Amino acid sequence: MATFPFELVSPERLVYSGTVSEVVVPGTEGEFGVLAGHAPFVSTLKPGILTIKGDGAPRKLFVRGGFAEANPQGLTVLAETAIPLADLRAENLAQMIKDAEEDVEDAKDETTRNRRLVFLEQVKSAAAAVEADARTTH
Amino acid sequence: MASLKDLRNRIASVKATQKITKAMQMVAAAKLRRAQQAAEAARPYAQRMESVLGNIATAVAPGPDVPALLTGTGKDETHLLLVLTAERGLCGAFNSSIVRIARERALVLMNQGKTVKFYCVGRKGYEPLRRLFPKQIVKLVELRANKGVTFADAQAIAHDLGDMFAAGEFDVATQFFSRFQSVISQVPTAQQLIPATFPEQPAAAATGASAVYDYEPGEAEILADLLPRNLAVQIFKSLLENGASEQGARMSAMDNATRNAGEMIKKQTLTYNRTRQAMITKELIEIISGAEAL
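Engineer: Describe a nonpolar patch on the surface, and please don't skip the residues or the numbers.
Structural biologist: Among the surface-exposed residues, Ile280, Leu284, Ile287 and Ile288 of chain B lie close enough to one another that they form a single nonpolar patch of about 380 Å² accessible area. By secondary structure assignment, the location of isoleucine 287 of chain B is in helix α7 (residues 219-293).

What follows is the structure, given as structure tokens:
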């Protein structure tokens, strides 16, 4: 299977760098898989699970906020948060949901409120996905 | 003429100070390595962010959909100066050089009849600015309690700036920090944050790479999502550069201090030995002349 270079970067460090065969990215308008030779493409991320498939078992990470850029040179994902699923605790997710709920409460006008509501839904579905994943792997 | 005891005390006190400065120098050296690593680790993110945003910003057509963070409010009446400094002193001219360029910019703007506001991060910038412009400081953020800067700190500041900008409290925001060049050279730098500016990208423009990208969702939505993030990234980058610069400046300042203390000890020891010798000679003369008189 053809491979391509992939980088996952968070503001604090380079989380992953290497050649992979497929990456599944949680895009704002739906998850999408990237294979070698993907068309040049930029998409923002929603909170969710990013799966890296290469040699060995697929690696899963929880990502939040940022964007993915695919070009002929490979794929780069910039995420504000990138935590391997194994290190992610249920409390972290609960905290995230709580923060998002508070943000909705604090919203001053209708548009921000709607935007934050959408974000809250995304966080909730991401948390559900993470839990589902934990059940299948253990 | 100082007595022998005075001299001994003075030497002891300089030696104690030298030990402190030497310890501080070594601590700064260790912290510098960590700060430098952090600054380097953050670089790829900031660069990628800039290049992608630059691409989109040139591709998107100016219009009402374009966020104000990119185009500005169309005025330039109220300026916000974001002054990033350290929480602690004893690091040479590090803090004062940042404050100096911020102050110079403020005076130029005020002479042009603009309103100037300050947003201080770090006590050492706040204190001198409070004396000069007591009424213009909108906010002080202290990062003293935190061990090292995290992205969350930068995000909080960026969030604040975004809210203030949305409320129309300022038109232009500029940040002042110290760019880390090497241990002995830190360059105080001003960078405009809002409206966002991007470095020219001749490579991307020449190959036409920016034209063929597919955007999901649309360009304007991506911009609206990424610009606030970019603000946080830029502030985070400056905070990290500042961290490395601070440790570098402290290291060279403490190196100087240690060397000066060494010189002082040498001089004092010489005086001490001379005085001691002179006293012994004097006592001998007294004894001999006493014996002769008998």
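Engineer: Break down the interface of chain B and chain A for me, with residues and values.
Structural biologist: The partner chain A presents 25 residues to the 22 residues of chain B that form the contact. Across the interface of chain B and chain A, roughly 2,200 Å² is buried in total on both sides, 60% from carbon and sulfur atoms. Connecting chain B to chain A are two salt bridges. With its nearest N and O atoms 3.6 Å apart, the salt bridge here joins arginine 48 of chain B to glutamate 7 of chain A. At the boundary of chain B and chain A, one finds six residue pairs in polar contact (both at pLDDT 80 or more). For the side of chain B that touches chain A, the secondary-structure elements that each account for two or more residues are α1 (4-59), α5 (151-166), β6 (214-216) and α7 of chain B. Considering each element in turn, the side of chain B that touches chain A owes the most residues, seven residues, to α1 of chain B. Taken together, the residues of the side of chain B that touches chain A sort by class into 14 nonpolar, three polar and five charged. With three bridges connecting them, strand β5 (residues 41-44) of chain A and β6 of chain B associate as parallel partners.

Engineer: Pulling in residues and values, what's your account of the nonpolar core?
Structural biologist: Formed by 50 residues in total, the largest nonpolar core has its most connected members in Leu82, Tyr119, Val121, Leu161 and Ile235 of chain B. Only α1, α2 (68-71), β1 (78-84), β2 (115-121), α5, β4 (172-182), β5 (185-194) and α7 of chain B provide two or more residues apiece to this core. At eleven residues, α7 of chain B tops the list of elements feeding residues into this core. Setting aside anything within four residues of it in sequence, one finds isoleucine 235 of chain B in contact with Leu82, Ala154, Ile157, Ala158, Leu161, Gln175 and Leu193 of chain B. The next biggest cluster of nonpolar side chains, apart from the first, holds 22 residues, and it includes Leu8, Val20, Val34 and Leu45 of chain A.

Engineer: I'd like to hear about a negative patch on the surface, residue by residue, with values.
Structural biologist: Where like charges cluster on the molecular surface, the negative patch consists of Asp99, Glu102, Asp103, Glu105 and Asp106 of chain A. Take aspartate 103 of chain A: it is sitting in helix α1 (residues 90-106).

Engineer: Hey, could you go over empty space enclosed by the protein for me, with residue numbers and the actual values?
Structural biologist: All names here are of chain B. This model, assessed by the stated rule, comprises one cavity of 30 Å³ or more. For the largest cavity, the calculated volume is near 90 Å³. For the lining of the largest cavity, the secondary-structure elements that each account for two or more residues are β5 and α7.

Engineer: I'd like to hear about the packing of α1 of chain B against α7 of chain B, residue by residue, with values.
Structural biologist: All names here are of chain B. One way to put it is that α1 packs onto α7 with a least axis distance of 5 Å and a crossing angle of 160°. The angle between α1 and α7 places the two elements in the roughly antiparallel class. Considering how the two elements wind past one another, α1 and α7 form a crossing that is left-handed.

Engineer: Summarise the sheet that holds β5 of chain B; cite the residues concerned and give the values.
Structural biologist: Residue and element names in this part refer to chain B. The mixed open sheet is built from five strands, whose spatial order is β3-β2-β1-β4-β5. Sheet topology places β3 (137-141) and β5 at the edges, where each strand pairs with a single neighbour. Across the sheet, the axes of successive neighbouring strands diverge by a mean angle of 20°, strand direction being ignored. Strand direction decides the pairing type here: β1 and β4, joined by five bridges, are parallel. Of the residues in β4, the one forming a bridge with leucine 80 is alanine 173. Across the sheet, helix α4 (residues 123-132) is in contact with β1, β2 and β3; its angle to β3 comes to roughly 155°.

Engineer: So what's going on with the packing of aromatic side chains? Residues and values would help.
Structural biologist: All names here are of chain B. Enumeration over the complete set of coordinates arrives at five aromatic pairs over all chains. Look at phenylalanine 151 and phenylalanine 236: their rings are 5.3 Å apart centre to centre, the planes differ by 85°, and that puts the pair in the edge-to-face class. Taken together, the residues phenylalanine 151 in helix α5 and phenylalanine 236 in helix α7 connect sequence positions 85 residues apart. Assigned by exposure class, phenylalanine 151 and phenylalanine 236 land together as buried.

Engineer: For unusual backbone geometry, give the residues involved together with the corresponding values.
Structural biologist: Residue and element names in this part refer to chain B. In this structure, the amide linkage connecting isoleucine 194 to the following residue, proline 195, adopts the cis form with an omega of -10°. Within the chain, leucine 90 stands out as a residue other than glycine whose phi angle is a positive 55°. In this structure, leucine 90 sits in the loop between β1 and α3 (94-111).

Calculation rules
Residues numbered from 1 in each chain as written. Chains lettered and ligands numbered in written order. Predicted model: local features only at pLDDT ≥ 70, side-chain atom pairs only at ≥ 80, totals over all residues. Heavy atoms only, no water. Patch = residues over 30% accessible without salt bridge, like charges linked within 9 Å, V, L, I, M, F, W, Y side chains within 5 Å. Areas by Shrake-Rupley, 256 points an atom, 1.4 Å probe, with all protein chains shown as cover. Salt bridge = Lys/Arg side-chain N within 4 Å of Asp/Glu carboxyl O. Helix = DSSP H or I, 4+ residues; strand = E, 2+ residues; numbered from the N terminus. Contact = heavy atoms within 4.5 Å. Buried area = accessible area lost by both parts, 1.4 Å probe. Polar contact = N/O pair within 3.5 Å; in protein donor to acceptor, adjacent residues only side chain to side chain. Nonpolar A, V, L, I, M, F, W, Y, C, P; charged D, E, K, R; others polar. Pairing = 2+ DSSP bridges. Core = buried A, V, L, I, M, F, W, Y, C linked by side-chain atoms within 4.5 Å. Buried < 20%, exposed > 50% of the residue type's maximum accessible area, 1.4 Å probe, protein only. Lys, Arg positive; Asp, Glu negative; His and termini not counted. Charge placed at Lys NZ, Arg CZ, Asp CG, Glu CD. 1 Å grid on protein atoms, 1.4 Å probe; cavity = no way out; pocket = protein on both sides within 12 Å on 5 of 7 lines; lining within 4 Å. Points joined across faces, edges and corners; volume = space filled by probe spheres on them. Axes fitted to C-alpha atoms, helices over the stretch in contact; angles between N-to-C directions. Parallel < 35°, antiparallel > 145°, perpendicular 65-115°, else oblique. Left-handed = near helix turned anticlockwise from the far one by under 90°. Phe/Tyr/Trp six-rings, centres within 6.5 Å; stacked < 30°, edge-to-face > 60°.

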